[in-house]
Amino acid sequence: MKQQRSLITGLILVMLVMLITACGTSKADNVVNAGNTAQNTGGNTTANTEKKSEATTDEQRVISTLKGDLRIPTDPKRVIGLSVVYPEFLYALGVTPIAVQNYHPEFPSYLKEPFKDTLKMGLGQAPNFEAILASEPDLIIAPTWWSDKDYDQLSKIAPTVLLPQRDNWRDELRDIGEVLGKTETANKVIQDLQSKEAEAKEKLQTLAGDETVLYMMIMAKEIVIYGEKSDRGSFIHKTLGLKPIKEYPQEEISLSISLEKIPQYNPDHLILQLDDDSSEEVRNRYEDMLSSSLWKNMTAVKKNQVHMMGGKEWFSLGMSPLADDHAIDDVIHAFEK
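Right, let's walk through the structure included here. Everything quoted here is computed from the prediction, not taken from an experiment.

What counts as what
- Position numbers for residues count from 1 along each chain, tracking the sequence in the order it is written.
- The predicted origin of the model limits local features to residues at a pLDDT of at least 70 and limits the giving and counting of side-chain atom pairs to 80 or more, whereas totals for whole chains, interfaces and linings rest on all residues.
- Only heavy atoms go into the side-chain values, all of them from the structure, while hydrogens and water stay out.
- Think of it this way: any DSSP run of H or I at least four residues long counts as a helix, any run of E at least two long counts as a strand, and we number them from the N terminus.
- Any two residues having at least one pair of non-hydrogen atoms within 4.5 Å are treated as being in contact.
- Only centres within 6.5 Å qualify two rings of Phe, Tyr or Trp (six-membered ring in Trp) as a pair; their planes then separate them into stacked at under 30 degrees, edge-to-face at over 60, and tilted for everything else.
- Buried, partly exposed and exposed residues are distinguished by accessible area as a fraction of the type maximum, computed with a 1.4 Å probe on protein chains only: under 20%, between the cut-offs, and over 50%, respectively.
- As a reminder, the over-ring test applies to NZ of lysine and CZ of arginine, requiring each to be within 6 Å of the ring centre and within 35 degrees of the ring normal.
- What counts as an axis is a line fitted to C-alpha atoms, over the stretch in contact for a helix, and the angles between N-to-C directions run from 0 to 180 degrees.
- When describing relative orientation, an angle under 35 degrees is termed roughly parallel and one over 145 degrees roughly antiparallel, while 65 to 115 degrees is termed roughly perpendicular and anything else oblique.
- Residues are grouped as follows: nonpolar covers Ala, Val, Leu, Ile, Met, Phe, Trp, Tyr, Cys and Pro; charged covers Asp, Glu, Lys and Arg; every other residue, Gly included, is treated as polar.
- In this description, strands pair whenever DSSP reports at least two bridges between them.
- Note: the arc covers the axis-to-C-beta directions of the helix.
- What makes a nonpolar core is a set of buried Ala, Val, Leu, Ile, Met, Phe, Trp, Tyr and Cys residues whose side-chain atoms join them at distances within 4.5 Å.
- The working definition used for a salt bridge is a side-chain nitrogen of Lys or Arg within 4 Å of a carboxyl oxygen of Asp or Glu.

Mapped onto the secondary structure, Leu93 falls in the loop between α3 (86-92) and β4 (99-100). Residues Leu93 and Leu180, spaced 87 residues apart in sequence, show a C-alpha to C-alpha distance of 8.8 Å. Look past the residues within four positions of Leu93 in its chain and what remains in contact with it is Leu173, Ile176, Gly177, Leu180, Lys182, Thr185 and Ala186.

Scanning all chains against the criterion turns up six aromatic pairs. Where Tyr86 meets Phe89, the ring centres are 6.1 Å apart and the plane angle is 50 degrees; that geometry is what we call tilted. Of this pair, Tyr86 and Phe89 both sit in helix α3, three residues apart, roughly one helical turn. A single burial state applies to Tyr86 and to Phe89, both of which are buried. Each ring, one from Tyr91 and one from Phe115, has its centre 5.8 Å from the other, and the planes form 85 degrees; the classification is edge-to-face. One end of the pair, Tyr91, is in helix α3; the other, Phe115, is in the loop between α4 (109-112) and β5 (119-120), and 24 residues separate them in sequence. Phe115 gets classed as buried once you look at its relative accessible area, which sits at 2%. These aromatic residues form a ring-pair network of at least three members: Tyr91, Phe107 and Phe115. Sitting over the face of the ring of Tyr226, Arg232 holds its NZ or CZ atom 6.0 Å from the ring centroid.

What follows concerns the packing of helix α8 (residues 169-180) against helix α9 (residues 183-208). Running from N to C, α8 and α9 point in directions that differ by 155 degrees, and their axes come no closer than 7 Å. Relative to α9, the element α8 lies roughly antiparallel. Contacts between α8 and α9 involve Trp169, Arg170, Leu173, Arg174, Gly177 and Glu178 on the former and, on the latter, Thr183, Ala186, Asn187, Val189, Ile190, Leu193 and Glu197. In the contact of α8 with α9, the residues fall into six nonpolar, three polar and four charged.

By the criterion of burial, strand β8 (residues 212-218) is predominantly enclosed, with seven of the seven residues buried. Of the two faces of β8, the one lined by Thr212, Leu214, Met216 and Ile218 and the one lined by Val213, Tyr215 and Met217 are each fully buried. Where β8 lies against strand β10 (residues 243-244), two bridges are found, and the strand directions are parallel. Bridge assignment links Val213 to a residue of β10, and that residue is Pro244. In this sheet, strand β12 (residues 269-274) lies alongside β8 in parallel orientation, the contact comprising six bridges. Within the sheet, the bridge partner assigned to Val213 lies in β12 and is His269. Here four bridges tie β8 to strand β9 (residues 223-226), and the two strands are oriented antiparallel to one another. The residue of β9 that forms the bridge with Met217 is Val224. The antiparallel pairing of β8 with β9 creates a hairpin that spans four residues between the two strands.

Moving on, we come to helix α10 (residues 231-239). Residues Arg232, Gly233, Phe235, Ile236 and His237 constitute the buried set of α10. Take α10 and look down its axis: the buried residues cluster within an arc of 165 degrees, on one side only. Buried residues along α10 sit against β8, β9, β10, β12 and α14 (321-336). Positioned one or two residues after α10, Gly241 has a phi angle of 75 degrees, which is positive.

This paragraph deals with the pairing of strand β6 (residues 139-143). Most of β6 sits inside the fold, with five of its five residues counted as buried. Alternating residues of β6 divide into Leu139, Ile141 and Pro143 and Ile140 and Ala142, and every residue in both groups is buried. Alignment of strand β3 (residues 79-81) against β6, held across three bridges, turns out to be parallel. Of the residues in β6, the one forming a bridge with Ile80 is Ile140. Bridge count between β6 and strand β7 (residues 160-163): four bridges; the pairing is parallel. Paired with Ile141 across the bridge in β7 is Val161.

A word on the environment of Gln194. Here Gln194 shows up in helix α9. Separated by 45 residues in the primary sequence, Gln194 and Thr239 have C-alpha atoms spaced 9.1 Å apart.

Quick look at the nonpolar core now. One finds Ile141, Ile176, Leu242 and Trp314 to be the most contacted residues of the largest nonpolar core, which totals 53 residues. Broken down by element, the residue count for this core peaks at eight residues, all from α14. The next biggest cluster of nonpolar side chains, apart from the first, holds 20 residues, and it includes Val282, Trp295, Met298 and Ala300.

What follows is about the pattern of salt bridges. Tallying each qualifying case throughout the model produces 14 salt bridges. A salt bridge links Asp150 to Lys149, with the shortest nitrogen-to-oxygen separation between them at 3.4 Å. Judged by its relative accessible area of 10%, Asp150 is buried. Of the charged contacts in the structure, one is a salt bridge between Arg170 and Glu197, with a shortest N-O distance of 3.7 Å. Taken together, the residues Arg170 in helix α8 and Glu197 in helix α9 connect sequence positions 27 residues apart.

What follows is the structure in structure tokens.
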């Protein structure tokens, strides 16, 4: 019995020695590994770990979207806005998009220089995935009504934020401002434009008084006039306060009219726009109208008060702060003449 106890005691001592030796070796290995790591990283592993964590926080943030929480760059450098007007919103907020959808072959004059290096992707039924991929965006912003069906494919290219449909461009601008962390900038853009609109309305009251104004667009297949309920008509008649003709049916947003019906709508001033001045069909329709006796007998024509506006420049009228801002200058200049 005593011999067995001695044997057991001996085994325990051997095991303790082995355990102590293993721990010592492991600790030594850890010290060596830590030393190597410190040497490779400048000698301060804790500081570098914290720095890496801070960098990740600085470079990305999480926002709530229609598709749930999404991690996006804090300061995106290569942004695409998948809507014809989204590029104008982005630029108004101080961000130049790297690629855009475009209706006209060329940009409006107020975007020609800032967008000189921006890729035109055209206007299709679906996003130009090849062009988007080649542009290497770090953020895509798109309206849900148009891009929801393509969300999964877009998300594989870059973080994609879908925004809800809005009735007022100001809400769209605020939405994009919130995504980019530029809410204050968005509000300032809106406030500055409101001030300019108020000044313009007062000045136009002096220039035009009670003279009537009609807004007309020449398109390839039709002539369209706009009422106060349309974005364009609202800008002319409500924002700028120019008096509409009483003959326009107030319940209609816009009306498609033939050349023969032009005499029914006979304003003192006519604001005229070609839908696409690069289109031969549009130019032909416009020239046919100019040669018509019906046109020549209109009051605005006789008074030389037909104010021609640029098709590209007025394309986003009533839907973009940049378009509205430049349109105010155009109208003031036209009526001052």
